Amino acid sequence: MEISNTEEEYGLIARLFHWSIAVLIIGLLPVGLGMGAMENSPLKFEIYALHKSFGLLVFFLGIGRIVWRFVSPPPEHLESHEHWETVLASAAHFWLYVCIICMPLSGWLMSSAGEFPIPFFGVQMPALMGKDENLAGFFGQAHEILAYTLLFVLALHAAGALKHHVIDKDETLQRMAYSKAGLGFVGLIVIVLGLSYTLSGSVILREIFVPQVQQEQTAQKAENSSAPTSAPFVPAPPADLDNLQPHAWAIIPEVSKLTFEAKMYNTPFTGELRSFAGDIVFDPEDLSTAKADITVQLQYVSTGDEGRDESIVGAEWFDIAQYPTARFVSKSFEKAEENNYVAIGELTLRGITMPLVIPFTLNIENNTAQMKAEVVINRTTYGLGGEQYKDESTVAHDVRVIIDLKAAQNL
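Here the structure is a predicted model, which is why all the values come from computation and not from measurement.

Rules of the game
Residues numbered from 1 in each chain as written. Predicted model: local features only at pLDDT ≥ 70, side-chain atom pairs only at ≥ 80, totals over all residues. Heavy atoms only, no water. Helix = DSSP H or I, 4+ residues; strand = E, 2+ residues; numbered from the N terminus. Buried < 20%, exposed > 50% of the residue type's maximum accessible area, 1.4 Å probe, protein only. Areas by Shrake-Rupley, 256 points an atom, 1.4 Å probe, with all protein chains shown as cover. Axes fitted to C-alpha atoms, helices over the stretch in contact; angles between N-to-C directions. Parallel < 35°, antiparallel > 145°, perpendicular 65-115°, else oblique. Left-handed = near helix turned anticlockwise from the far one by under 90°. Contact = heavy atoms within 4.5 Å. Nonpolar A, V, L, I, M, F, W, Y, C, P; charged D, E, K, R; others polar. Pairing = 2+ DSSP bridges. Phe/Tyr/Trp six-rings, centres within 6.5 Å; stacked < 30°, edge-to-face > 60°. Lys NZ or Arg CZ within 6 Å of the ring centre and 35° of its normal. Core = buried A, V, L, I, M, F, W, Y, C linked by side-chain atoms within 4.5 Å.

Asks: Help me out: how do you make sense of the overall build of the protein in this one?
Replies: The number of helices and strands found in the protein is seven helices and 13 strands. Burial status across the protein gives 41% buried among its 411 residues. Summed over its atoms, the accessible surface of the protein is roughly 22,800 Å², and 60% of this surface lies on carbon and sulfur atoms.

This is the structure:
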């Protein structure tokens, strides 16, 4: 067999590209369609990681195959082919190339915009863009649409190849397979394609019929649960400056932020806790009277991805059905140096109360103060992640919390 293509048949390199990509795509499609319906677990994330790795492999092989077409042009269509067959085959090949490149690329862009890890067999690939919730959704939809159209074009491509081999009895399939492959090779293709499309078809049917049942189950759970999981976002009330006591401060929610940064497969992602309020008394001249009591509504977490948000508020993580809030209560304050202080207190999360020390900077101008702080919390201290995520192979133990509060007082 020739390495390069000839006028009569494809060479070894072209065949390796073709069948490697074909086998990978046939395996990736049903897995990609089905893995989203899995319950969140380390196993699911491992499957996602493998899906991305093999998807990127398709991307790189696809680029190689396109380059090879220019280096070694493919053989022309057989003279026995009808004009409509050559037109349809060319259109199918064009769309297959589009999908081979654009499907993995859209997944790469989707993961980048959503701050998800992009593994390539253990090597983390760089993000192609920064966090953007809208673009993550757009590329996610593009990825899904390409998958469904690819299923149709693959079926058309396979049907055409089998027609030429079984009905027309010409050399179309043999030119890309092996000249002596015969019906055994064709049978193997039919079996693999059949298994792939059976799995894909079952997923499609499930997506049609199961969502209604899931919606009913979700509604029933919400009705039986005391947790306001489906409540609309209600921000913290505005600062009531007229009723503040001396040296009391009211948080201004519209210009205050409570964010966090965690790592999944060593890839950082950020989130925001969007509803919090509390009582603050602080006099820089008399720290003995200072106190802070802050409550965070955990259901209002946003990381830019709905699936990830649902996982975070679920039983393995925040478990808002039992523990809807987190609370920090100060015990004392100390001054470190100019504009730098330390809040010593306790944080209660998931029903577990542990000591927490928060170094912070404070700038007071007239009746407005801005407090900034960063503190690292070990999630396992509060049971976040449960037994499934106890080690750091999936999610890192340390979570960085960034506090940026603005508060006002009535002078």
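Asks: It is not clear to me how the packing of helix H2 (residues 42–71) against helix H3 (residues 83–113) should be interpreted in this structure. Could you clarify?
Replies: Geometry of a packed helix pair, given as the angle between the helix axes and the separation of the axes. Where H2 contacts H3, the two axes come as close as 9 Å, and the packing angle between them is 140°. If you check the angle between H2 and H3, you find them oblique. H2 and H3 meet at a crossing whose hand is left-handed. Residues Lys-52, Gly-55, Leu-56, Val-58, Phe-59, Gly-62, Ile-63, Arg-65, Ile-66 and Arg-69 of H2 touch H3, and the partners they reach there are Tyr-97, Ile-100, Ile-101, Pro-104, Leu-105, Trp-108 and Ser-111. Tallied by class, residues from the contact of H2 with H3 come to eleven nonpolar, three polar and three charged.

Asks: So what exactly am I meant to see when it comes to the pairing of strand S13 (residues 398–408) here?
Replies: A regular strand carries its side chains on alternate faces of the sheet. Where strand S3 (residues 248–251) lies against S13, two bridges are found, and the strand directions are antiparallel. Paired with Ala-250 across the strands is Ala-408, a residue of S13. Sheet topology note: the strand S4 (residues 257–264)/S13 ladder contains five bridges and is antiparallel. Across the sheet, the residue bridging to Phe-260 is Val-401, located in S13.

Asks: Explain the packing of aromatic side chains here, please?
Replies: To describe a pair of aromatic rings, you give the distance between the ring centres and the angle between the ring planes. Applying the stated criterion to the full structure yields 13 aromatic pairs. Ring geometry for Phe-138 against Phe-139: centres 5.2 Å apart, planes inclined by 70°, an arrangement best described as edge-to-face. Their ring planes at 70° and their centres at 6.4 Å tell us that Phe-282 and Phe-360 sit as a pair that is edge-to-face. Of this pair, Phe-282 sits in the loop between strand S6 (276–281) and strand S7 (291–297) while Phe-360 sits in strand S11 (residues 352–365), and the two are 78 residues apart along the sequence. The exposure class assigned to Phe-360 is buried, which follows from its relative accessible area of 5%. Members of the aromatic cluster, joined through ring pairs, are Phe-54, Phe-59, Phe-60, Trp-108, Phe-120 and Phe-121. Across the ring face of Phe-116, the terminal group of Arg-308 is positioned such that the distance to the ring centre comes to 4.1 Å.

Asks: Can you help me understand the pairing of S4 in this one?
Replies: Where burial is concerned, the two faces of S4 differ: the one with Leu-258, Phe-260, Ala-262 and Met-264 is buried and the one with Lys-257, Thr-259, Glu-261 and Lys-263 is not. The pairing of S4 with strand S5 (residues 267–273) spans six bridges and is antiparallel. Across the sheet, residue Met-264 finds its bridge partner in S5, namely Thr-267.

Asks: Explanation requested: the nonpolar core in the structure shown.
Replies: Most often, soluble globular proteins keep nonpolar side chains buried together rather than apart. Membership of the largest hydrophobic core comes to 50 residues, with the highest contact counts inside it found for Leu-273, Phe-282, Leu-298, Phe-318, Phe-333, Phe-360 and Ile-403. Sequence-distant contacts of Phe-282, that is, excluding residues within four places in its chain, are made with His-247, Trp-249, Leu-287, Ala-290, Phe-333, Tyr-341, Phe-360 and Leu-362. Within the second largest apolar cluster, 29 residues are counted, among which are Leu-24, Leu-33, Ile-100 and Ile-101.

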